[in-house]
Structures are given as structure tokens and as C-alpha cells.
There are 4 protein chains.
Amino acid sequence: MIKVGILGATGYAGIELVRMLSQHPYAKISSVVSQSFVGQKISNIYPNLRNIVDNVCEELDAEVISKKCDVVFTALPHGASKTVIPQLIQAGLKVIDLSGDFRYNDISVYEKWYQTKHDHPELLKMAVYGLPELHRDKIAASPLIGNPGCYTTCSILGLAPLLADKVIATDNIIIDAKSGVSGAGRGLALDYHFCECTENMKAYKVATHRHTSEIEQELSIIANEEIFISFTPHLVPMKRGIISTIYANLKQEYETAELLNIYKNYYKDEFFIRIYDEGQLPETNHVTGSNFVDIGLVVDTRLNRVVIVSVIDNLIKGAAGQAIQNMNIMFGLDEKTGLTSPGLYL
Amino acid sequence: MIKVGILGATGYAGIELVRMLSQHPYAKISSVVSQSFVGQKISNIYPNLRNIVDNVCEELDAEVISKKCDVVFTALPHGASKTVIPQLIQAGLKVIDLSGDFRYNDISVYEKWYQTKHDHPELLKMAVYGLPELHRDKIAASPLIGNPGCYTTCSILGLAPLLADKVIATDNIIIDAKSGVSGAGRGLALDYHFCECTENMKAYKVATHRHTSEIEQELSIIANEEIFISFTPHLVPMKRGIISTIYANLKQEYETAELLNIYKNYYKDEFFIRIYDEGQLPETNHVTGSNFVDIGLVVDTRLNRVVIVSVIDNLIKGAAGQAIQNMNIMFGLDEKTGLTSPGLYL
Amino acid sequence: MIKVGILGATGYAGIELVRMLSQHPYAKISSVVSQSFVGQKISNIYPNLRNIVDNVCEELDAEVISKKCDVVFTALPHGASKTVIPQLIQAGLKVIDLSGDFRYNDISVYEKWYQTKHDHPELLKMAVYGLPELHRDKIAASPLIGNPGCYTTCSILGLAPLLADKVIATDNIIIDAKSGVSGAGRGLALDYHFCECTENMKAYKVATHRHTSEIEQELSIIANEEIFISFTPHLVPMKRGIISTIYANLKQEYETAELLNIYKNYYKDEFFIRIYDEGQLPETNHVTGSNFVDIGLVVDTRLNRVVIVSVIDNLIKGAAGQAIQNMNIMFGLDEKTGLTSPGLYL
Amino acid sequence: MIKVGILGATGYAGIELVRMLSQHPYAKISSVVSQSFVGQKISNIYPNLRNIVDNVCEELDAEVISKKCDVVFTALPHGASKTVIPQLIQAGLKVIDLSGDFRYNDISVYEKWYQTKHDHPELLKMAVYGLPELHRDKIAASPLIGNPGCYTTCSILGLAPLLADKVIATDNIIIDAKSGVSGAGRGLALDYHFCECTENMKAYKVATHRHTSEIEQELSIIANEEIFISFTPHLVPMKRGIISTIYANLKQEYETAELLNIYKNYYKDEFFIRIYDEGQLPETNHVTGSNFVDIGLVVDTRLNRVVIVSVIDNLIKGAAGQAIQNMNIMFGLDEKTGLTSPGLYL
């Protein structure tokens, strides 16, 4: 059994890790850390877990954790991860970090978009961007994974085949993304107060959202040229789910079916990516509760433009599920282990 | 492996069976029957299932099913079950029926509340009411189970200990129940049109809902006297979840903690029933996605009355999960098999 | 024109007053007070009001307000009202208070349920409980109105005719009430965080909610005997609306239609109360956005018990609309002035 | 008083007309027509209207209507309007049609996008596109108005100033629009079943939605050149509200504030259009329940691209409110009459 620790276990990404790992056949939750609830059973905070996971929340003590765990998931706010992870790595643990701190190849991009200094360039260099569909081999070989953001996972995987095959112009890529509210986490703010966000929809952080830089980093690698994109996130009155609607101009004429074939071929070995047939498009509730990425597209022949629709569950493929997928790879397990539950739909 | 068939597989209870059975370690879905979608993959109707359950929907043919299955779940409308089940039973299959057709000990009660003739009194006699916490032994011994209704499961289990222990007066029991919309199923009706039921709440079938008779049957057995109750169902703008708020007058003075102890003792061997400590009450999202029944209560000492709050996921403990629990019992498996997933909470 | 001031204008009850008074033909908003947003336009906080109400939020200064206003609505937290209202009354203003501070005939009841000392018994004596359907004449004659709570309005009006006519037993009255989330106000708390309350339902403050005492006070007056009730509030995932489901035992046999006639007769001159015909029941979206109270009922002849369903919009008839209705009475206007907008339904 | 008739009064656009016209100081509802509910009070179908609008639904009889009305709103399905409107026009009535039948300058565009023959080219020629902010004078002079679609109103007004001022390139305009479910109307379909659309989001009719052609027609007029756009509608789990997120490339460098000034200047006399200051963006609940269009924008200087966010209430400025605005203009009233109610926000 893999002994796992979860830091930030009572946040929304953390508790999703706890829930999913409790069902993983080869993982054992050895330590749940939550500074706000030290000494309390995690099933008191989240009563759904009672009789399933009744671990007591611990303080953050890297030394203690190192002794109890083989791998640690850090689901801490951006910035907080950086202070604890060096000790964990030094103690020989594998670390999967769900913050933005270890997702960047270029430290200056991080420092610009996060408006903070990064104190551990040596770790950043060692870290691998944890998108298995793109970096599976490197993930297997590294002790430190920067688990991708939710919007980014949905958007990058939705675009990768067209950039890899040089099908689209790279100067007019527009990603209009919409997310359920759980992406904002458990922290209180008026924007996420029920009466303020139910029956309401809005765009936010237009042209300035940090995930833009993550998306650009990965798309540039795939395209082998520097890519810039428009990225606009929106808040939708639902709990889970992200839908990215992506627009790009085609370099030459294509039929919808041709592009779908490019996707099916590119992702032919990927269990978690499902490409839709012509005439069908994914909806967020097709993936709610699962680790799948569902992708469909339409070529607008009038305009020689493609519109791609990509959906994920932001808490699973956009956070906890992907982190477990990374863990599976790091420990040589079948990548799908513990992740084959279909979505709930209802 | 137990070979299972699901009749009415594309309804909401049916598809929940499909989803949950796809994760059951000792069950294999051999046949999915849906008259409306014969010849189509069930994962075309519910794309969340793609690559997990891709069975093709079949016509209803008892003979074919009998050859392929060990047990059949019938998730058909009330009345429809009665015509197919006799053939299945005759062919030696075990049958778990999710309709109201085989839930009654007294045929006249059924015929009164369902306003229809019951053509198979001999099967009704053989059938067992499938509430494992009350009738586990009989379930193990019978080939035909009448799986309880959603409101009834939530309400009966919420009241059983107090009636068994003769703690409450039996002439003033009031059950005010509230359900998410999935309980109404997949059939179209203006009442379940999104714009008509979001941001809206209502009572319906006041004093006439059929589940009243089921609740009264079971409570009468427990109390060993004829029990009549007020039962009022309400529709709430959420997908899953039932909450029953139950009022009863105490025969003598009790403290909240005393009554909770009665519950804890009564249900001490029941994995799926979780009794809350004093000062805490269950909410529907504590059980969403799981087979648990969560129960809390408060004694109103001013009035010498107890208020009990009982919650379930109507599609799981109120339908598919309970049906699988029954299957486990019928086949001698650990009752919890395939049912230990905690609720989603989020 | 009546010059009105609104204290606590940026809370949910306060802003509903602002919105509704902006459409009142004989009222002019002279002062909006909000300690948190002094100096900001109220339409910056609630952009829906832009170009309609652009008043600047002021500090709470009783002297200043007294000069600018004829009547003041105090939509402040319980306790806060008591400190400012004496000055306003002394300055000769009429005051309509939306807190619980001036709703009680008996100071000891207030002090028991609110667990605080009431420093102004003389004002409490002068104050009138602002439920126009019961106390219209007294409201017209008093400068200080204690505007009723939301649950109370819905529940009292739903029961009054049966108690006035001595139709029901008074020892087994049960009020099971369900409210949308706006009743909890604009203050942040995890319970009202979107992801915690959407797709969720719960009971809270069972047997201890303060509105119990208000309901009992008014029902006792109507019945001319001391009445005690069970009152259980629930939180429902919608913004507006309260539904009270009320249970009472009949003293003798009645038909549904007979009781409905008692209601129709009792409320025959009440514009804001609509009694449903037999076979129909109100839903919360019948009154969303309006000042109406809609009431229906069913006699359960099996049990000789009546089940009454009463609905209001908690922010309107349960707060701002009722307060304006009181203002109309206090100033000798037609009670319906500014309040004849039908509900939105959609 | 203007005597108005409403055809299709029990659909969602129709009933919103009824609700809003009941509050219009110079309009009197003389006739409500609903084929499905002939002989029933409209307040039986929509109980929110009881005691406010209790008209009885009539059959569709052009002759009868002509005698009772000065103006008729036709809120009928596309295609149905064409058969009744000629008679109404011939009888000298003014007609405001909410279908797509009379929105086009070029009959061939209509016939291509609606895949049907248009039998009344002479009426189409006489009809005026009822977007007052663009065609106020023509509306005043015509007896037949083609009331714009909901998506179109939101999108055209969001883009008009930039095209009029030739600020943006015309070959890469992308409109990503999201709508609440009421836009789909009252007709039953699985897509709008509560359990299928709550907690779910999807794109639909990608590259083929009819409103594309309406948007292109109007933008082409403003730009004085042929404009083609990408338009993608999405369904969002809320009742009311549309948000259009619009992307366009700037011809030269601009600051956000400069473009906002262009909007403020272009719309300086428009009561119903509110331009946001830099740093603020509209949300759908800023306009829910009102006739306002709220617009904000951000220049992405990295990409020299502008992102515009435009919101309306689809049932008001996108249907009933705009239709009443047109009526006001046609009858020489102040355009704002009956339309100054602020949004609900809550």
C-alpha cells in the first residue's frame, strides 16, 4: 500500500483527494493535515465521510509526515506550498503539488503572473508539469509534480491535437471558459455567497487570469513556437464542471470529421479522453464525478474556423483525479487505478 | 460473478443501477433493457458511461433475459412490473422490483392506494419488503423483493426505534418530507421543467401520496398496532436527496441524549445507518452519492415532543443502492459490497 | 411626498426596501444609511439600481436623518435598532423597525428568546406589531412599528382563521417551514456559501428558533388562550420564498371546502391574501416578487387533521413589502400603494 | 389608454408581456389569446397574476381582436405569426411580432436560416427591425415591428459602437453567448427537464443558430460592409439572463478607457444602456427583471484585442420589455413608460 498524506485536506481539492483516495485499492491515507481543524476528525468537518474516513486532522509537521508517508499531496494556497515542499523532498518523499508554485518551466513567467518571488528555482527545475497525456514519462521519473490548474487541463487538452498537427493559425486562438463555483474553493467571499451567485453569471479576471500563462506554456511546447491566447473565465451557478469553448482559424479547409479523426488519432491510447462523433457535443454533466475529458468540435465552413468544446470535472481531472493519476504513474501502477468510476450524470 | 439484468435501464433509477453495478466487484451487467432505445448503446443515451458501460439496449424478452441473467432488477413504472415478473420468477431468476407492485402484505391496501387490480396475489405473498435493516433474513430467503420507496425508506428508518421501544404516542405522528426532483423520474411534465421548478418549492399529493400506505404498513409491524400517519411530500429545487422531518409526542419525559442512545442501540449493527450526536443534524448533502441513512433528533422539552431529521439519497438508499444491498443479501455477499463509496458532499 | 430614510440599506432587507420604495408613487428616498459603505453610491454596491437610485450612503446620524425624513425604516441587526430608535422617535419621526426588538407585548418573552436585556420598555409598550391584517387600526395610530419576521407572517396568517373560529385543537399545532437563503442576509458564513447550500437541504434551530415566540404571541391573542407550537425552519436552495406546512387536529369533522370558506370569509377584505380553491395549493413562485400571501389547505379525513400550506416572498411580505404596507397605513394612504406588482413567476 | 392584445399569452414571452403590461400606466390588456387554454382565466395558468390580471384566454380570431385592440403583440412560434399578422395589419392594427418572421431586410436570408418559404414579402418590406437604439425613427413610422431576438439584442448593442467607429477588424469577431433556460420557452423537452439542466452547462447549435443571421444583418448596416461572425450559444442553469462575451481585434492600440468613452458617447442618450467604468464588468443579475443592457469591456494590450461583456434579461430587453419599448415609440409615449423598474438583483 502507498502511504499518502494530504496537506490542506479540508479545502475543496483536499477533501476530494480524501474522498477519492479512500476508494483507491493501493493507497492508504496515513495523514490528513488541516491547520484550521487540528485534533478534529475530518468526518466531523465533512460528515459524508463518517465511518469511511475518520482520520484526525494533524498539524503541519514535515518531519512527522515524512515518517508516515510515501507521497504527499499539497493542496495549499499558492505560496504556502513553497515553504513546506523543500523539506518533504529532502526527506525523500514524492510530492504532488496542487498549487501554481511548481507548474512553470520559466521562473520569470511564474514571478510575473503570480507577482511574487519564487525562492526555490532548483525545485522548480526538478518539477514536472503533471499533465499525463503530455508528459507521462517525465512524471514517472520525477519526485515533484506541479499538478495543472483546472482551466488549463480542459483547455490544453482541447487544443493540443490541432497545434501538434499545425492545422490552425496560432495568432487568433480564443478560449472562452466557464466554471462551476467549487473552483473558487471553500474560502468565504461575497462573490460565492449563495444569493449572489445562484441565478447569476459573470466573466472575471478578463485578460489577467493566471491560468493564461500555464496554457500558453504548454501550447507553445506542443506547437514548437510561442503561442499567445485570449482566455476569459466565467463563473456559472453550478458546483462542478468546466466547459471551454475554443475558437481557432483553420489554415486550410477541413471537414468536421477530418478534425475529429486527428483528435481520435492523437488520443488513441488515452483512456481518460473521449472524442465525440460529428453532431454530438459534450456537456459538463457527462463528466461530473469522473476523471474524463470529453471533447467535441464543429467546423464552421462559412468562416473556415473551428469551434472546440472541451469539458472536465474541475475537482477531478482539474485537481484531485489528475493528482491521483500522477501518483499512479509515479508508483508504476496502472494509470487508471481508482479512477474508473463513471460520472454521476444525475 | 453474478449476471444481472436491468429492465427500464434508461430511467433514472435504472441508470443509477447501471452506474453502481458497473463498480460492483462481483456483478456483471449482462442485459440492459429499454424499450425506447432498443439497439442503441446505453452510453449514447447517458454519455457519462462511455467506455465504462457500452451495452446495447435490448427489447424486453423474458426468455432471453432468463438465459443471460441470475438476477433481474425491474425499474419499470408501477403496473408494468406485474406483467413481466411472473415469467422471470418462473424461469428461476431472482427479481428485485423497484415499483410499488410487490411491497404490500395486504393486497387490498395495494389495490386501494394504487387504484388498480393486482393480478398476482400468489407472487405478492411470496415477495418480501426489501428493507434490509428490518427484514434481512426474509430477504435472504426469497426470490422476489419489493424494493421500498424513497420516502418510505427515509421515514420508516427514522421512526423505527421509537416505535419499537414504545417511546412515542402513536396517534399524532407527522412526517413532513422534502425531495429533490430526480424522484419524479425522467418523464417530461411541466412540473419538472427547469423554469417551473428551480427557485420554487411546493407541497403535493397532500394526504394522498401512496408512500403513506407503505410507511403505515411497516410502522404497524414494528409497533405491533395499527399506525396511521400524516405524510406530506414536497418538491425541492435540487436533484438528489430526501429529508424527512418527523414529529411525535413523547409518552413521558426524555432528554435528547436518551433518545439518541435508543437509536444507537437499535441500529448498532447497521453499517448504513449513522446516528448523529446531540447538537448535530444531518443535511441531504451528507448522503448524496452514498447508501447511508443519517439521522439526528431534538427533544423539544417545552412541548414534550421529539423532532427527528432523517436524510437519504433518494436514488441510492431510496432506490438503486438499496436494491443492490438486497442483491448482496440474496447472494450471500457482504451486504456492503460495492456500496462503501462515501457521499460526494460537493 | 413622504420622505423616507433607510438604515441598513445595503443589507438584503434594506436593499429590497430601496428597490421597492424607488417605485412608490408617494415616497421619496431622502437618506440611505450604510455604515460599511459611507460615501459610496448605493448603485455601486447594487449595480441593478444604477440610474434609478444613485443616493450616496451616509453615516448613521440620528439628528441629520431626523431633519431629512418623515419616516425611517431600520433594517439593522437585532440589538442595533434599540440604540438609534429612541432618538428618532424623540425627534418626532415615525419608525418601522425590521428587527425583532419591538415585536413583543411582553418584555420577558423578548429577553428570554433573544438572551439580552431590552433597555427601552417604554418604547416596546408604545410599539405595535406590524401585521396589518391583524392590527391595522393600531398601526395607523402608532409612531413605532415592530415589523414581523418572515416565518411568522407566513405562519400566523396561515393559521389565524382556524384559531379565531375555534376549529382546531390547540395542543398539537405543528409548523414545518422552509425558507430560501436570502432570509439569512448578506453576512458571510459557510452555511450560505454557494457550494455548501446548493443541492442541499437541512433543518436548523429545531425547537429553538426565535420566531416561535412571535408566532405564539400572535396566535395566543387570536385564540384568546395560551398557544404553544412546534416550529421547525429549514433552509432550501433557492433565493426567495417561504412555505409553511401547518398541521392541526380538527375538533370535529369538516370538509376541505368548509374550511376554505372560513378562510375566504375571514380574509374577505384583504387584498394581499389569496385563498386557493379545493384541489389547488400555492407554490413559492406564485408569490416571488409580490406582497401576496397565498394559502391552500387539505382536510385529511382519514385522520381528521387539516394540512395548511401558506407561502410568501420572505423579502417582501416577510420584510420590505410589509414594512411599506405599514408605512401606507401610517400615512393614511391606500394600503396597496406601490405594492400591486404581481409576482414574477419566472 | 392603449388597448393591447397578446397572442400566445401563456408562453414565457407572452406571460412576461402580460405581467409587465399590467403595470403600464397607459396600456389596458383587452385580449389575451392562448389556443391551449381557451376559456380559462390566465391567472389559473399563472397564479402569480391572480387579482391583478384575471382575463379569460380567448381563441385566435383576428376579427374579434381587431375590434378590441389598438396594438397586438404576437408571441407565437416562428411561422405561426405569418398567418395571422396580415389580417391584423389589414384591419389597421399595429403589430409587434416577437417571432423571427419579420426581422429580415432580405427575404432570402430569412428563407435560408429558417428553412421555410416566407409568404408575405410585402409585409416583410414594411416591417421594421425593432431595436429602438438603432432604428427609433423607423419604428415610430411603421405599423409592423419585428421584435429582435434575445441573443441578438445583447450582442448587437455590445458591438455597435466599435463598428460604427471603425475601431475593430471585421474578420475575427467572435461572440460567445450564454443564456438562462427561459429562453427555450415553456415547451417540454428533455434538455430542459430540471434534472438534465441543473448543475449542467453546454454549447448548442454551434455555427448554425439562427440569431447569427440577425446579428450579421444589423452589424453589417452599422459597419457599412458585410460582416460575418462566429456565434456560439450556451445553456446555463439559471432562469433568466444572457451574457455575451465578445472578442475583436483592434485596428490600432487603444486603452480600455478610450473604448469606454466611445461607448459612452455613442449611447449618451440611451436610458436603457449602462456603460461600466474601467475595472468593473456587468453580471446577469444586474439586469434581471429590468429592461437595461449593461456593457463593460477590457482591452487586452498583450494581444491588442478587446473583450466586451454585455448582459440583458432575455425575457425583458430580449423580448417583452423591448416590445413594450417599441409600443411606447409607436404611440408617441415616453420610451421609458412602464419600464423604469430596476432589476431585482436578489
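(A) Representation of the side chain of Ser66 of chain B. Looking at where Ser66 of chain B falls in the secondary structure, it is placed in helix α3 (residues 62-68). Excluding residues that lie within four positions of it along the chain, Ser66 of chain B makes contacts with Leu88, Ala91 and Leu93 of chain B.

(B) Just the interface of chain A and chain B, in detail. Opposite the 31 residues of chain A that make contact, chain B presents 31 residues. Carbon and sulfur atoms supply 60% of the area buried between chain A and chain B, which totals about 3,100 Å² over both sides. Inspection of the chain A/chain B interface yields 14 residue pairs in polar contact (both at pLDDT 80 or more). Where the side of chain A that touches chain B is concerned, the elements lending two or more residues are α1 (12-21) and β12 (273-275) of chain A.

(C) Region of interest: the interface of chain A and chain D. Counting residues at the interface gives 46 residues for chain A, matched by 46 residues for chain D. Where chain A abuts chain D, roughly 3,900 Å² becomes buried across the two surfaces, and 52% of that area is made up of carbon and sulfur atoms. Taken as a group, Glu199, Met201 and Arg302 of chain A account for 16% of the area that chain A buries against chain D, more than any other trio of residues on that side.

(D) Main features of the relation of the copies chain A and chain B. Superposing chain A onto chain B takes a rotation of 180 degrees plus a shift of 0.0 Å along the axis, which leaves an RMSD of 0.0 Å. Taken together, the rotation and translation describe the operation of a two-fold axis. Taking C-alpha positions as the reference, the residue of chain A nearest the rotation axis is Glu199 of chain A, at 4.4 Å. A share of 100% of interface residues in chain A that are also interface residues in chain B marks the association as one of identical surfaces.

(E) Highlighting the packing of helix α1 (residues 12-21) of chain B against helix α12 (residues 320-330) of chain B. Residues and elements named next belong to chain B. Packing of α1 against α12 brings their axes to within 9 Å, and their N-to-C directions diverge by 55 degrees. By the angle between their directions, the pair α1 and α12 is classed as oblique. Taken as a pair, α1 and α12 cross one another with a handedness that is right-handed. Contacts between α1 and α12 pair Ala13, Glu16, Leu17, Met20 and Leu21 from the former with Ala320, Gly321, Ala323, Ile324 and Met327 from the latter. Class assignment for the residues of the contact of α1 with α12 results in 8 nonpolar, 1 polar and 1 charged.

(F) Summary view of the sheet that holds strand β4 (residues 71-74) of chain A. All names here are of chain A. Read across the open sheet, the 7 strands follow the order β3-β2-β1-β4-β5-β7-β6; overall the sheet is parallel. If you trace the sheet from one side to the other, it starts and ends with β3 (57-58) and β6 (128-129), each paired once. Direction of pairing for strand β1 (residues 2-7) relative to β4: parallel, over a ladder of 4 bridges. Bridged to Ile6 within β4 is Phe73. Packing of α1 onto the sheet brings it into contact with β1, β2 (27-33) and β4, and relative to β1 it is tilted by some 160 degrees.

(G) Spatial organisation of the state of the cysteines. A complete count under the given rule lists 0 disulfides over all chains for this structure. In this structure Cys57 of chain B is a free cysteine whose sulfur lies 14 Å from that of Cys69 of chain B, the closest cysteine sulfur available.

(H) Looking closely at the packing of aromatic side chains. This model, assessed by the stated rule, comprises 38 aromatic pairs over all chains. A ring pair is formed by Tyr345 of chain C and Tyr46 of chain D, whose centres lie 4.8 Å apart and whose planes are at 75 degrees; its orientation type is edge-to-face. Here Tyr345 of chain C is found in the segment after α12 (320-330), whereas its partner Tyr46 of chain D is found in the loop between α2 (42-45) and β3 (57-58) on a different chain. Across the pair, Tyr46 of chain D and Tyr345 of chain C agree in class, each one buried. Taken together, the ring pairs connect Tyr104, Tyr110 and Tyr114 of chain A into an aromatic cluster. Above the plane of the ring of Phe331 of chain B lies Lys94 of chain B, whose end atom (NZ or CZ) is 5.6 Å from the centre. Over the ring of Phe292 of chain B we find Arg274 of chain B; its NZ or CZ atom is 3.7 Å from the centre of that ring.

Conventions and cut-offs
Residues numbered from 1 in each chain as written. Chains lettered and ligands numbered in written order. Predicted model: local features only at pLDDT ≥ 70, side-chain atom pairs only at ≥ 80, totals over all residues. Heavy atoms only, no water. Helix = DSSP H or I, 4+ residues; strand = E, 2+ residues; numbered from the N terminus. Contact = heavy atoms within 4.5 Å. Buried area = accessible area lost by both parts, 1.4 Å probe. Polar contact = N/O pair within 3.5 Å; in protein donor to acceptor, adjacent residues only side chain to side chain. Least-squares fit on C-alpha atoms with pLDDT ≥ 70 in both. Axes fitted to C-alpha atoms, helices over the stretch in contact; angles between N-to-C directions. Parallel < 35°, antiparallel > 145°, perpendicular 65-115°, else oblique. Left-handed = near helix turned anticlockwise from the far one by under 90°. Nonpolar A, V, L, I, M, F, W, Y, C, P; charged D, E, K, R; others polar. Pairing = 2+ DSSP bridges. Disulfide = S-S within 2.5 Å. Phe/Tyr/Trp six-rings, centres within 6.5 Å; stacked < 30°, edge-to-face > 60°. Buried < 20%, exposed > 50% of the residue type's maximum accessible area, 1.4 Å probe, protein only. Lys NZ or Arg CZ within 6 Å of the ring centre and 35° of its normal.

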